[in-house]
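So the chains spell out like this:
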Amino acid sequence: MGVTSIVKIKADQGAEDGLEELVALARMIAYARQVAQDVKLQFATNCLDLALEAVKQEVGEGLTRELGELSSPVPQVSVRSH
């Protein structure tokens, strides 16, 4: 195994770890959103909807199906800075 292969393996592992962290973050936001909705904090619920959609966009199309159970009523919007 050459140096290039080792670097690629480490980069792939880092990307996979990053995706796992984003998925965990999405689940935490979804939980917080549900709690806010249960205690009728509408503004907090709306903010958490936006945060959840932003994380789902960052994760990308590949894992969006996996995060389907974390859906919110907010339409997909771009939150990237210009």
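Remember, predicted model here, so these are calculated numbers, not experimental data. (Residues numbered from 1 in each chain as written. Predicted model: local features only at pLDDT ≥ 70, side-chain atom pairs only at ≥ 80, totals over all residues. Heavy atoms only, no water.)

**Q** Would you mind going over the overall build of the chain with me for this structure?
**A** A tally of helices and strands in the chain yields three helices and zero strands. What you see in the chain, going N to C, is helices and strands ordered as α-α-α. Here the chain, with 82 residues, has 22% of them falling under the buried criterion. (Helix = DSSP H or I, 4+ residues; strand = E, 2+ residues; numbered from the N terminus. Buried < 20%, exposed > 50% of the residue type's maximum accessible area, 1.4 Å probe, protein only.)

**Q** What should I look at first to understand the pattern of salt bridges in this one?
**A** As a working rule, side chains carrying opposite charge can pair if their charged atoms are close by. Tallying each qualifying case throughout the model produces two salt bridges. Here aspartate 49 makes a salt bridge to arginine 33, at a shortest N to O gap of 2.0 Å. Of this pair, aspartate 49 sits in helix α2 (residues 42-59) while arginine 33 sits in helix α1 (residues 3-38); the two residues are 16 residues apart in sequence, bridging distant segments of the chain. Residues aspartate 49 and arginine 33 agree in their burial class; the two are buried. For glutamate 53, the salt bridge identified is with lysine 56, shortest N-O distance 3.5 Å. Placement of the pair is glutamate 53 and lysine 56 together in helix α2, with a separation of three residues, close to one helical turn. The exposure class of lysine 56 is buried, given its relative accessible area of 7%. (Salt bridge = Lys/Arg side-chain N within 4 Å of Asp/Glu carboxyl O.)

**Q** Whenever I open this one, the nonpolar core confuses me. Can you help?
**A** Most often, soluble globular proteins have nonpolar side chains that are buried together. Core analysis: the biggest nonpolar cluster contains six residues, these being Ala26, Ile29, Ala30, Leu52, Val55 and Val59. Contributing elements (two or more residues each) for this core: α1 and α2. (Core = buried A, V, L, I, M, F, W, Y, C linked by side-chain atoms within 4.5 Å.)

**Q** Sorry if this is basic, but what is going on with a nonpolar patch on the surface here?
**A** A grouping of Tyr31, Val35, Val39 and Leu41 is seen on the molecular surface, where their side chains present a nonpolar patch of about 410 Å² in accessible area. Here valine 35 falls in the partly exposed class, since its relative accessible area comes to 34%. (Patch = residues over 30% accessible without salt bridge, like charges linked within 9 Å, V, L, I, M, F, W, Y side chains within 5 Å. Areas by Shrake-Rupley, 256 points an atom, 1.4 Å probe, with all protein chains shown as cover.)

**Q** Help me understand unusual backbone geometry, please; the structure alone is not making it clear to me.
**A** Only a minority of non-glycine residues have a phi that is not negative, and only a minority of peptide bonds are not trans. For lysine 40, which is not glycine, the phi torsion reads 60 degrees and is therefore positive. With respect to the helices and strands, lysine 40 occurs in the loop between α1 and α2. According to the relative accessible area criterion, lysine 40 is exposed, its value standing at 71%.

**Q** Sorry, what's going on with the environment of leucine 52 here?
**A** As for its position among the elements, leucine 52 is in helix α2. Assessed through its relative accessible area of 1%, leucine 52 is described here as buried. Placed 19 residues apart in sequence, leucine 52 and arginine 33 show a C-alpha to C-alpha distance of 8.7 Å.

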